[in-house]
Amino acid sequence: MEALRLRFKTNQVRAMNKHQYDVIVIGAGGAGLSAVAAIPKGLKVAVLSKLFPFRSHTGAAQGGISAALGNLEEDNPLWHAYDTVKGSDYLGDQDAIIQMCNDAPDAIFDLERKGLPFSRLKNGKISQRPFGGHTKNWGEAPVRRACHSADRTGHMILHTLYQQALRRDTNFFDEFQVVEIITKDNSCCGVVAVKLSTGERHVFHSKSVILATGGYGRCFKVTSNALSLTGDGMAICYQKGIPLQDMEFVQFHPTGLHPLGILITEGARGEGGILLNSRGERFMERYAPSIKDLAPRDIVSRSIYEEIKAGRGIDAKDFVHLDLTHLGRKLLDEKLPDVTGFARTYLNIEPADEPIPVKPTTHYAMGGIPTDVDGRVIIDPDGGVMHGLYASGECACVSVHGANRLGTNSLLDLVVFGKRAGQHASIYSESSKLSELPSDAGYDSESFLQQVRSNTRGPKVYEIREKMQEIMMDYCSVFRNQEGMKKCASLLSELREDFEKVTISDKSNFYNYEMMAAFELSCMLDVSEATLHGAMLRKESRGAHSREDYPDRNDQDWLKHTLCYQEKGNDPIFKFKDVNLGKFEVKARVY
Amino acid sequence: MLRVFRIQRFNPEREPRQWVDEYTLEVSEDDKILDILLKIRDEVDTTLGFRASCAHGVCGSDGMMIDGLNRLACQTFVGDIPGRKPINIAPLKGVPVEKDLIVEMDPLLDKVKSVNPWVVAKEHEPGERELLMSQEDFEKIEDMTKCIWCSCCTTSCPSLWSDSDYLGPQALVMAARFILDTRNEDAEKVIEKVGGLDGVFRCHTIGNCTDACPRDIDVTGAIAAVKKVLLQGIDNEDKFSNIVWEKSDEKE
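Residues numbered from 1 in each chain as written. Chains lettered and ligands numbered in written order. Predicted model: local features only at pLDDT ≥ 70, side-chain atom pairs only at ≥ 80, totals over all residues.

Caption draft 1: Spatial organisation of the overall build of chain B. Per the secondary structure count, chain B includes eight helices and seven strands. Residues counted as buried form 50% of the 252 residues belonging to chain B. Of the contacts made within chain B by residues no fewer than 6 positions apart, 65% connect residues no fewer than 24 positions apart. (Helix = DSSP H or I, 4+ residues; strand = E, 2+ residues; numbered from the N terminus. Buried ≥ 20, exposed ≤ 12 C-beta atoms within 10 Å, placed from the backbone. Contact = placed C-beta atoms within 7 Å.)

Caption draft 2: Structural view of the overall build of chain A. Within chain A, the regular secondary structure consists of 17 helices and 20 strands. The C-alpha radius of gyration of chain A comes to 23 Å, within 12% of the 25 Å expected for a compact globule of 591 residues. Projected onto its principal axes, the C-alpha positions of chain A cover 65 × 50 × 50 Å. Within chain A, buried positions represent 62% of all 591 residues. Considering only contacts within chain A whose residues lie at least 6 apart along the sequence, 76% involve residues at least 24 apart. (Rg over C-alpha atoms; globule rule 2.2 N^0.38 Å.)

Caption draft 3: A look at the sheet that holds strand β1 (residues 2-11) of chain B. Residue and element names in this part refer to chain B. Here five strands make up an open sheet; going across it, the order is β2-β1-β5-β3-β4 and the pairing mixed. One side of each edge strand has no neighbouring strand; the edge strands of this open sheet are β2 (15-26) and β4 (69-72). Taking each pair of neighbouring strands and ignoring which way they run, the sheet shows an average axis angle of 30°. In terms of strand pairing, β1 meets strand β5 (residues 87-90) through three bridges, oriented parallel. Residue pairing in the sheet places I7 in a bridge with I89 of β5. Sheet strands in contact with helix α1 (residues 33-44) are β1, β2, β3 (63-66) and β5, and its direction is about 105° off that of β2. (Pairing = 2+ DSSP bridges. Axes fitted to C-alpha atoms, helices over the stretch in contact; angles between N-to-C directions.)

Caption draft 4: Inspection of the domain arrangement of chain A at higher detail. Residues and elements named next belong to chain A. Each assigned domain of chain A is listed here: domain 1 (1-63 + 158-249 + 366-567) and domain 2 (254-360). Put simply, the middle of domain 1 and the middle of domain 2, counted by C-alpha atoms, are 32 Å apart. The residue inventory of the side of domain 1 that touches domain 2, partitioned by class, reads six nonpolar, eight polar and no charged. (Domains from an automatic or database assignment. Nonpolar A, V, L, I, M, F, W, Y, C, P; charged D, E, K, R; others polar.)

Caption draft 5: Expanded view of the nonpolar core. With 254 residues, the main nonpolar core has I210 and I369 of chain A together with L172, A175 and V226 of chain B as its most contacted residues. In this structure V226 of chain B touches L172, A175, A176, I179, V194 and V200 of chain B, once residues within four positions along its chain are discounted. (Core = buried A, V, L, I, M, F, W, Y, C linked by C-beta atoms within 7 Å.)

Caption draft 6: Structural detail: the packing of helix α5 (residues 168-180) of chain B against helix α8 (residues 219-232) of chain B. Residues and elements named next belong to chain B. In the contact formed by α5 and α8, the axes pass within 9 Å of each other and the chain directions differ by 60°. With respect to α8, the axis of α5 lies oblique. In this structure, the crossing between α5 and α8 has a hand that is left-handed. Within the contact between the two elements, α5 uses P169, L172, V173, A175, A176, I179 and L180 and α8 uses V219, A222, I223, A225, V226 and V229. Split into classes, the residues belonging to the contact of α5 with α8 amount to 13 nonpolar, no polar and no charged. (Parallel < 35°, antiparallel > 145°, perpendicular 65-115°, else oblique. Left-handed = near helix turned anticlockwise from the far one by under 90°.)

Caption draft 7: Molecular detail of the environment of D333 of chain A. Residue and element names in this part refer to chain A. The topology assignment puts D333 in helix α10 (residues 329-335). Note on D333: 13 C-beta atoms within 10 Å, which makes it partly exposed. Once the C-alpha coordinates of D333 and D552 are considered, the two residues, 219 residues apart in sequence, prove to be 42 Å apart.

Caption draft 8: View of the interface of chain B and chain A. With 43 residues of chain B at the interface, the matching set in chain A holds 43 residues. Those elements giving two or more residues to the side of chain B that touches chain A turn out to be α1, β6 (97-99) and α3 (135-145) of chain B. Among the elements that make up the side of chain B that touches chain A, the one with the highest residue count is α3 of chain B (five residues). Here the side of chain B that touches chain A is composed, by residue class, of 17 nonpolar, 13 polar and 13 charged.

Caption draft 9: Here's a closer look at the sheet that holds strand β12 (residues 274-276) of chain A. Residue and element names in this part refer to chain A. Spatial strand order, β11-β14-β13-β12: four strands in an open sheet with antiparallel pairing. At either margin of the open sheet sits one strand with a lone partner, and together these are β11 (250-257) and β12. Strand-to-strand twist of the sheet, defined as the mean angle between neighbouring strand axes without regard to direction, takes the value 45°. Examined bridge by bridge, β12 and strand β13 (residues 320-323) share three bridges and lie antiparallel to one another. If you follow L276 over to β13, its bridge partner there is H321.

Following this line, the structure appears as structure tokens:
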């Protein structure tokens with residue numbers, strides 16, 4: 001891709017519309033809107049999204065958001081932190097995790113005051129339910145910690161935050177695709193965006209930028225992620241020399257609807273649902289004797305694959321059953337109305353009467369743009385920062401999820417760290433001046449867009465995208481090995497070469513989705529590269545990263561974060577960052 | 001099987017008026033209409049304009065008129081339109097079309113924004129961390145909180161087609177939700193917004209909205225609740241307790 005960019009030598013950068021702001025927020029899901037809510041009214045703020053904010057994928061989160069409120073039984077933020085550290089397979093940074101779990105109760109009450117309609121208990125307090133990996137008394141038994149609004153918690157968070165943003169009269173730029181961040185001497189001074197309806201380029205010149213662009217599940221063939229989740233925010237950082245952290249850790253959610261990959265919440269197992277193999281065995285009893293079906297997602301996904309490998313998939317095929325029939329129609333309608341609706345709509349199955357076919361689906365990126373607990377983007381192993389640049393939510397890696405995220409902690413992450421990023425970016429913007437834009441601002445993205453437009457004979461966007469999704473699913477998903485990944489790496493670099501010739505037939509500027517698809521594909525190829533090479537490098541199994549050729553965790557050599565730097569025209573290079581250990585001792589991870 | 005898809009197109013840069021393109025594709029009954037549209041845009045005509053994101057009915061991007069009814073393309077299957085007749089796909093009605101199946105969102109959003117669709121939190125009860133709410137009160141608003149702002153309801157409403165200033169069902173569902181939310185200090189401000197000439201009494205209980213809602217919200221019932229509040233007034237002693245929450249007839 002770099003070759004493509006360099007080959008196109010021109011200084012003819014099209015004129016751009018210019019805007020000036022104190023803070024720019026990119027992405028308007030839960031993280032971006034939490035940041036917005038934390039910015040004082042005196043600052044000039046703009047929010048850019050390639051969608052309409054209320055279409056963001058936070059809205060697809062179902063089961064809950066955890067906080068040790070103790071509304072039903074004793075709970076403690078430190079138990080929550082312990083579970084999160086253990087769930088992360090000890091790769092999560094403990095200072096950040098403790099911060100998140102301590103901030104959690106207030107974050108919930110804050111959402112509640114913003115109008116979030118939580119499901120309730122008889123006494124009027126917020127309802128809580130069990131979720132995978134969340135326990136009481138240091139792993140003793142499952143605990144009810146996930147606050148929820150039926151099974152549409154993410155939808156309620158997204159809409160509540162958007163409603164409050166409307167109340168504040170926030171300045172939204174909807175359907176603006178950000179294609180480049182502008183940096184100068186280790187500070188960020190804005191972004192370049194394309195307005196989808198006109199193709200016009202806009203420069204947003206600002207004192208600080210908060211990236212909240214979500215994940216990249218669409219790099220894989222089977223995913224619960226929206227079509228829009230193409231790793232844009234991560235890729236535009238990566239292209240500017242900012243590293244991506246821990247990209248080898250991708251979460252596969254155990255219960256995607258077979259064969260579509262649509263998410264069936266872990267809350268279904270929290271309410272008592274169980275997984276069954278072709279013999280009708282509750283197989284999780286064998287893999288996680290203490291918490292069984294409520295084991296963390298990496299373990300459940302691997303267990304499902306082990307059952308399938310052993311020929312115990314349903315009809316000897318590649319899926320198992322999620323059985324909710326014993327829960328009764330009333331509970332399903334009250335607590336799990338949406339997911340039972342998905343089973344009805346997409347598979348014509350009535351979950352009250354028959355089990356739901358499920359298999360692991362690509363769900364969440366633990367890795368991303370490295371940040372500290374205030375959302376500041378870190379660019380080297382010593383914690384050096386890119387001034388004025390912030391990231392939060394799935395696109396960021398704080399890291400609170402380490403090698404495996406616990407269910408409900410993503411919503412908590414984006415609320416807590418979105419807010420912190422918003423607060424810190426505000427303080428930074430209040431005390432700094434707009435720095436001058438560099439003379440080549442916008443040059444890279446313009447070269448790219450013009451090159452794609454001028455290519456005449458080459459593959460179409462979807463042809464490359466489909467191949468990429470297939471090889472990433474085949475060689476870089478739940479189980480990985482060197483041989484397969486080597487093959488994947490050579491196929492992926494062929495695809496990158498093909499991409500330099502990618503040809504689009506829509507040459508207009510008017511709602512040109514094909515051009516945007518080409519840009520998104522360039523992002524997906526970048527983040528796939530970082531994920532794959534990180535996975536090849538890490539010669540151990542930890543959390544969601546499971547190597548058949550290195551089945552054990554190796555703390556001696558690998559209890560460290562990877563930082564992946566793009567090396568133009570070559571394989572990426574890696575540096576390593578220490579894990580922030582401390583309170584909780586690193587131990588074997590058994591459930 | 002082969003099916004014909006007749007898609008209404010519009011591109012003011014090419015042609016001042018809408019036209020229809022026909023695509024004949026090999027499809028199965030289980031294919032979603034969204035899959036078909038994506039396939040056409042990928043492989044046949046990359047200029048086809050439509051919005052989509054989550055692809056499973058929670059983001060609300062792909063509301064459109066399919067075989068004469070407003071629905072989400074990701075929740076509608078080829079098999080839902082039985083027989084061999086061509087499947088007509090057109091943009092939502094009653095709002096200006098920008099390109100192909102893409103409509104202007106601003107007129108729709110402006111309506112929703114105009115009703116103050118947000119909670120202004122009341123004071124806590126002393127000693128409590130959260131704003132207490134009974135499960136019963138939660139259930140009163142739960143149905144409306146499912147709304148994903150797809151606008152299938154508003155753009156199916158004949159009252160809106162004849163008067164584009166009418167607030168329309170989507171904004172009224174939001175109004176109902178924020179009037180009935182017991183935690184909202186500013187419920188009365190919402191009430192003030194919906195009583196005017198273009199407000200709730202433009203609703204003639206036609207019911208298209210309820211049929212169109214992909215989230216199975218009882219839209220007509222929510223609008224009826226708003227009417228009731230306006231007609232019966234607000235008793236400050238026991239606010240809204242006089243509202244009888246009745247579901248209108250269940251959809252098929």
